[in-house]
Structures are given as structure tokens and as C-alpha cells.
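Below are the chains, spelled out letter by letter.
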Number of protein chains: 2
Amino acid sequence: MTQKMVEQYQAQIKCLVALDSIIFGFDGEELKLLLVKRGVEDDGSTWSLMGGWLRPDEGLEEAANRILFELTGLTDIYLEQLYTFGAPHRDRVERTVAVSYFALINVTDYQERVSHTYEAHWFSMHELPRLLFDHGQMVEQAIERLRYKASQHPIGFELLPEKFTIPQLQKLYEAIFDAPLDKRNFSRKILSTNLLEKLDEKQRGYSKKGAYLYKVNEEKYQKQFNTFLNFLPNGGT
Amino acid sequence: MTQKMVEQYQAQIKCLVALDSIIFGFDGEELKLLLVKRGVEDDGSTWSLMGGWLRPDEGLEEAANRILFELTGLTDIYLEQLYTFGAPHRDRVERTVAVSYFALINVTDYQERVSHTYEAHWFSMHELPRLLFDHGQMVEQAIERLRYKASQHPIGFELLPEKFTIPQLQKLYEAIFDAPLDKRNFSRKILSTNLLEKLDEKQRGYSKKGAYLYKVNEEKYQKQFNTFLNFLPNGGT
DNA sequence: ACAAAAGTGTTAGAGCTACACCCATGC
DNA sequence: GCATGGGTGTAGCTCTAACACTTTTGT
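Residues numbered from 1 in each chain as written. Chains lettered and ligands numbered in written order. Predicted model: local features only at pLDDT ≥ 70, side-chain atom pairs only at ≥ 80, totals over all residues.

(A) Broad picture of the relation of the copies chain A and chain B. Superposition of chain A onto chain B requires a rotation of 180° combined with a translation of 0.0 Å along the rotation axis, giving an RMSD of 0.0 Å. What we have between these two chains is a two-fold relation. Interface overlap between copies: 100% of the residues of chain A at the interface are likewise at the interface in chain B, consistent with a symmetric, same-surface contact. (Least-squares fit on C-alpha atoms with pLDDT ≥ 70 in both. Contact = placed C-beta atoms within 7 Å.)

Take a look at the structure:
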């Protein structure tokens, strides 16, 4: 390491590094987004994505996981890096580079932390409030990526409880693509993956007839993750 | 802005921000990668991606473009953000977050800058040297993304000169997917997009018969960018 | 008995893959 | 005239999309 190199490193600017997560949930009917109220704006009224700063000994994904845990109390969440934002004045306080992640969680697992620092709320994708900084753009990217991922990989299960019915799964896909799907074609397609195991148990209470419950075959799920099939609805985007 | 918030901002660590570009080129036969020798390692022998640091008044993409220009002298290059790396000790000198971009350039346009600071070299994708830090991983991701993009969007043209032949284009796709394609199916598929205009001119010198030259219809290219067709070769990846 | 959701098959059409021969030209 | 790469058509198959009726059971 030469003196010249040391100087090169020292001459560079440094930035804060933030992690922001787009957290998707599904409540059985609608796709939702978990947002928090962060007191960054003077009036404290702006909703924003759940975010936090990188710590000295963390990797990026590690930090995103920690921040997610702080808000939801959940670990082992599906998390995927999305995009990095670094416009010079995107954060008006100090130069910050934000790495966005999108997360999928079962709403049923989620329980707000008792001693929470954050006011958190699930918003329907159709009724999102104005968001802080460039968070609105992050959300748009995330939904696009979610659609792509869900069409190519068996990612939808991450949003459902362990046991679920085909109609529930269909509703989830309809929510993701914001488009109706044919139930005969849907169940044929999804069952043809052989990723689902039919249980000897029916969901009760929701419909009169009751629908069979299924669960994911974990082994196949891992193995086939990269060889899924297209679920883009008729005519795709 | 409360005092508490100012303290919150101040308590955070700051990182250097690097931009690293995976630069693809196509010479008519093979897909190539442009690498530079950077004197970061003591022996100066390690090849790395073209990179540089973020400056105070630049956005990320702007910085990536600048760095690309410094190396190649080219502007208006196809550039797309790929992924951000931030493992705590990925750069052993100082904590650095690296945003990777992938770029597509016409090898014919490229001319090494006369007063170049960097020793640059095109490497065949099949004969890549060992790379600095996590740059090898970046390259793997880039080729994956390139394949996906090329299968879904008419991105391949970025790697070719303005006028090109169908066989040239096919060779490019074969190089991208590292798989042979049927020329009848290929030309039917590519022409069915109506993105190409046949010129009254033939390529001479390469084959005896000569192949018709085509150029991209820019208007349609812009418009159809998001509604392309699948070019994944027989049986996909 | 009726309302509400679950479950199940068939058909027509589109798109994909595989495959082989003639053409134009330079040497 | 022959070698080299360029250009073109077809047939079978698979996948997709469109579509309606019966079943179960809670009230």
C-alpha cells in the first residue's frame, strides 16, 4: 500500500448508509404495506418505509434484517435487495445513500413489538399515503419486482400462513397482479408444480363447503426455486 | 428538526461509496468484459472492474457514467444498476459500500483514452482472471441479469454497431446465452418484433453471399422496450 | 331450500421446436 | 465449380385461455 493510495482513499467523501424496507403483507384479501411514522419531518406527520442506519460491523442484508426485527419481532423473513438511491440531496439533513430491500411477511405472524419506538400501520396498496423522500419510488419498484418474482419463482408462499387453501393463494396472486385469474387454470397450474401437499384438513368458517388446506413441500420448494413457471395473468404487463 | 434528531444523524458511521461497472462488449464472436489493472494490491497485478468514488454533487448513476467516460471516452452508454455490496471488510483499506452497474458498449465505438491512467483490457467471458474483492461475484450477477434482460427486452442492440446483420445479432445472443440457437427460428422471432428495418445494403467481406444490414427503428425501440418477447434458448436456464 | 364458495374437464388456438434445402458469391 | 455462409417454410406438439356446471354445507 503506497502513500499515494492512502491519500486517494482519504480524499473521498463519506456518506451515511441507510437501509429502507418495503414490507409486504397479505391479509387474505388485499396486499398491504407496513409503514411507520418517523419524526424526521418537523410536523412528524409523514409516513415512511421502515428504515435505519448501517452499523460498523454489519453487512447490508444483516442490517436490513436487524431493522426488520426491531419493528416486527420477526426473523427469517424473505428479504431481497432492490435498488440503491443516492441523489445528492435526497435526504435534506445529510448526504445519505439508501439501500432498499423488499420483504414478505405473513400478517398472521406479525405482532407489533410491545415497547415500540415506531408507530406502524398496514396500508392497502390502493390507499398509500404520501411518503418521505424518494420512498414512493422505492415502493413502485418493489411492486414491480414482486410481480416479476412471483411470476417466475414460488415466492408467494412467503406471504401466507403455513397452511393455506388454493382459493387463498389465488386471491394473493390476484392481489399481487391486481388482476382476476381463472380459478380452474390457476389451480391446475399451481398444482402442476407439485410444490403443494394436500392435507386431510379443511378450512372451516370462511365458506360453507370448506376448502382443503395445503402446505408447501419444503424440500421441493428449495430445489425448484429457480425453475418455476409463469404466473403472469392473461396478457401480462 | 429537533436536537435529538441531529444527534441521531451524527451518531451514525459513514462509508466511502464506490461505483463499479461491469462493462460488456461484443466483438462479433465473443462476449467480452473490460477490466482494468488497479494499483490497489501491493503487487499491482490484480485485475478489477472499472470503478471510482462518488463525488459530493453527483448522483450514483451520474458518477457511474462519469467513471465510464473517463475510461472509454463514451457517453450515452446503456447503464443499469445491479446490486450494492457492503460487507464490513470487503475493502480491506476502509469501509466501503460499492454500487455495481452493468454497461453495454459497442466495441467498435470504444477507443481507449490516449492519456489513460488505467491499463485496460478486453477479456473473453471464458477466460476471466481472478478479480479484486467481490468483483467476481458482481460479474456473475451481471451475466445473469444480462441474460434475463436480453430475454425480456430488446437490449442486445446496445452491443452492436448501428448497422448489423441478422447472423451477427444471432451470434450475439448465442454469446449471451452461451448456447446455440436455430437460425430459422431466431430470424423469424426477431423480425416478428418489427423493431428492425432492412436496409438496401449488404455486409461485404465476411461471407461470400453477403448478409443484409438492418438497423433498429428507434421510435419502436423506445416504445416497445417493455413489451418484448422471450429469447431464452430452447429449454431456458 | 337456498345461498355461497369449492371443485373439476374440454376445446380451440397460439406459439414453440425441430428440421433440410436452395441461393449468391468469391475464390 | 465448389466452398462458405445466407436465407427461407412446414408440421407436430405443448401450453394457454376461455368457458359452465355440480358439490358441499351452513343458515
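(B) Geometry of the protein's contact with DNA strand C. Around DNA strand C, the structure places 20 residues, and the nearest of them are Pro167, Arg184 and Ser207 of chain A together with Lys208 and Lys209 of chain B. For the surface near DNA strand C, the leading source of residues is helix H5 (residues 183–192) of chain A, giving three residues. Residue classes in the surface near DNA strand C are distributed as five nonpolar, seven polar and eight charged. (Near = placed C-beta within 6 Å. Helix = DSSP H or I, 4+ residues; strand = E, 2+ residues; numbered from the N terminus. Nonpolar A, V, L, I, M, F, W, Y, C, P; charged D, E, K, R; others polar.)

(C) A look at the environment of leucine 131 of chain B. Residue position: leucine 131 of chain B is located in the loop between strand S7 (119–124) and helix H3 (135–152). When sequence neighbours within four positions are dropped, the list of residues in contact with leucine 131 of chain B reads Trp47, Ser48, Gly136 and Val139 of chain B.

(D) Up close: the protein's contact with DNA strand D. Near DNA strand D, the surroundings consist of 20 residues, among which Lys208 and Lys209 of chain A together with Pro167, Arg184 and Ser207 of chain B are the closest. Top contributing element to the surface near DNA strand D by residue count: helix H5 (residues 183–192) of chain B, with three residues. The class makeup of the residues in the surface near DNA strand D is five nonpolar, seven polar and eight charged.

(E) Broad picture of the interface of chain A and chain B. Tallying the contact residues gives 30 residues for chain A and 30 residues for chain B. Among the secondary structure elements, those contributing two or more residues to the side of chain A that touches chain B are helix H1 (3–10), strand S1 (14–26), strand S5 (78–85) and strand S6 (96–106) of chain A. If you tally residues by element for the side of chain A that touches chain B, the top one is S1 of chain A, at four residues. For the side of chain A that touches chain B, the per-class residue count stands at 18 nonpolar, six polar and six charged.

(F) Representation of the nonpolar core. Ranked by internal contacts, the top residues of the largest apolar core, which has 106 residues, are Ile22, Phe24 and Ala103 of chain A together with Ile22, Phe24 and Ala103 of chain B. If we ignore the near neighbours within four places in the chain, the residues touching isoleucine 22 of chain A are Leu33, Leu49, Ser100, Phe102, Ala103, Met138, Val139 and Ala142 of chain A. (Core = buried A, V, L, I, M, F, W, Y, C linked by C-beta atoms within 7 Å. Buried ≥ 20, exposed ≤ 12 C-beta atoms within 10 Å, placed from the backbone.)

(G) Focus on the sheet that holds strand S10 (residues 211–216) of chain B. Residues and elements named next belong to chain B. The three strands lie next to each other as S8-S10-S9, forming an open sheet whose pairing is antiparallel. At either end of the open sheet lies a strand with only one pairing partner, and these are strand S8 (164–165) and strand S9 (196–203). Sheet analysis places S9 next to S10, joined by five bridges and oriented antiparallel. Note on S10: the bridge partner recorded for lysine 202 is tyrosine 212. (Pairing = 2+ DSSP bridges.)

(H) Molecular detail of the sheet that holds strand S10 (residues 211–216) of chain A. Read from one edge of the open sheet, three strands run S8-S10-S9 (chain A), paired in antiparallel fashion. Each edge of the sheet is formed by a strand with only one pairing partner; in this case those strands are strand S8 (164–165) and strand S9 (196–203) of chain A.

(I) Looking closely at helix H2 (residues 60–72) of chain A. Residue and element names in this part refer to chain A. For H2, spanning 13 residues, the distance from its first C-alpha to its last is 18 Å, which sits close to the expected 18 Å at 1.5 Å a residue. Of the residues making up H2, those classed as buried are Leu60, Ala63, Ala64, Asn65, Ile67, Leu68, Leu71 and Thr72. Backbone geometry just after H2 places glycine 73 at a positive phi near 75°. (Expected span 1.5 Å × (residues − 1).)

(J) Main features of the domain arrangement of chain A. Residue and element names in this part refer to chain A. As assigned here, chain A comprises domain 1 (7–151) and domain 2 (154–224). Here the C-alpha centroids of domain 1 and domain 2 sit 28 Å apart. Secondary structure elements with two or more residues in the side of domain 1 that touches domain 2: S1, S6 and helix H3 (135–152). Broken down by element, the residue count for the side of domain 1 that touches domain 2 peaks at four residues, all from H3. Its residues assigned to classes, the side of domain 1 that touches domain 2 shows seven nonpolar, four polar and four charged. (Domains from an automatic or database assignment.)

(K) Local environment of the packing of helix H4 (residues 166–177) of chain A against H5 of chain A. Residue and element names in this part refer to chain A. Packing of H4 against H5 brings their axes to within 10 Å, and their N-to-C directions diverge by 105°. It follows from the interaxial angle that H4 and H5 lie roughly perpendicular. Judged by residue contacts, Ile166, Leu169 and Gln170 of H4 engage Lys183, Phe186, Ser187 and Ile190 from H5. Among the residues forming the contact of H4 with H5, the class breakdown is four nonpolar, two polar and one charged. (Axes fitted to C-alpha atoms, helices over the stretch in contact; angles between N-to-C directions. Parallel < 35°, antiparallel > 145°, perpendicular 65-115°, else oblique.)

(L) Fine view of the pairing of S1 of chain A. Within S1 of chain A, 11 of the 13 residues are buried, which leaves the element mostly enclosed by the surrounding structure. Pairing of S1 of chain A with strand S1 (residues 14–26) of chain B involves three bridges; the strand directions are antiparallel. Residue lysine 14 of chain A lies in a different strand from S1 of chain B, and its bridge partner there is leucine 16 of chain B. Bridge count for S1 of chain A against S6 of chain A is 11 bridges, and the pairing is parallel. When the bridges of S6 of chain A are listed, phenylalanine 24 of chain A appears paired with leucine 104 of chain A. Relative to strand S4 (residues 50–53) of chain A, S1 of chain A is paired through four bridges, and the arrangement is antiparallel. Across the sheet, the residue bridging to aspartate 20 of chain A is glycine 51 of chain A, located in S4 of chain A. Sheet analysis places S1 of chain A next to strand S2 (residues 31–37) of chain A, joined by three bridges and oriented antiparallel.

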